[in-house]
Amino acid sequence: MSRDASARLVRALSVYFGALSAIDHRTSRWCSATFTGTQHVLWFEIAGLGDLADLLTNLPEADLPMPGHFVADIEVVERKDHGESVRIGVRALTIAEA
């Protein structure tokens with residue numbers, strides 16, 4: 001399940017931010033009494049964008065389509081500027097739809 005959710009999360013983030021290069025993606029299973037899902041920690045690099053600050057600020061409220069899953073929670077945990085590119089770290093929780 002987590003590989004499927006991982007690939008879908010990366011695709012959704014690529015749509016949201018534009019082209020990105022995944023650097024590292026770690027997952028662990030997550031469950032509650034009623035839901036199952038995956039916790040993700042993902043680092044990726046993107047070209048510096050003029051509206052990047054707005055994209056990062058709005059990420060927790062963004063619609064990130066993931067067929068068969070949904071993003072229950074997502075937050076930016078790291079940002080490092082490297083000249084023309086930016087390294088971003090996010091932590092997310094995706095839930096499998098029943």
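Higher on the page you've got the structure.
Quick summary incoming for the structure in this document. (Residues numbered from 1 in each chain as written. Predicted model: local features only at pLDDT ≥ 70, side-chain atom pairs only at ≥ 80, totals over all residues. Heavy atoms only, no water.)

1. Looking at the nonpolar core
Then, number 1: Core analysis: the largest hydrophobic core is formed by 20 residues, its most contacted members being Leu-13, Phe-17, Phe-44, Ile-46, Leu-59 and Val-90.
Then, number 2: Sorting the residues of this core by element identifies helix H1 (2-17), strand E2 (36-47), helix H2 (52-58) and strand E4 (85-96) as the ones contributing at least two each.
Then, number 3: Here the element with the most residues in this core is H1; it accounts for five residues.
Then, number 4: In contact with Leu-59, not counting residues within four places along its chain, are Leu-13, Tyr-16, Phe-17, Leu-64, Ile-74, Val-76 and Val-90. (Core = buried A, V, L, I, M, F, W, Y, C linked by side-chain atoms within 4.5 Å. Buried < 20%, exposed > 50% of the residue type's maximum accessible area, 1.4 Å probe, protein only. Helix = DSSP H or I, 4+ residues; strand = E, 2+ residues; numbered from the N terminus. Contact = heavy atoms within 4.5 Å.)

2. Let's talk about the sheet that holds strand E3 (residues 69-82)
Then, number 1: Here we have four strands laid out as an open sheet, ordered E1-E2-E4-E3, and antiparallel in their pairing. Whereas interior strands pair on both sides, the edge strands pair on one side only; in this sheet they are strand E1 (20-31) and E3. Across the sheet, the mean angle from the axis of one strand to that of its neighbour is 15°, orientation sign disregarded.
Then, number 2: Here eleven bridges tie E1 to E2, and the two strands are oriented antiparallel to one another. If you follow Arg-26 over to E2, its bridge partner there is Val-41. (Pairing = 2+ DSSP bridges. Axes fitted to C-alpha atoms, helices over the stretch in contact; angles between N-to-C directions.)

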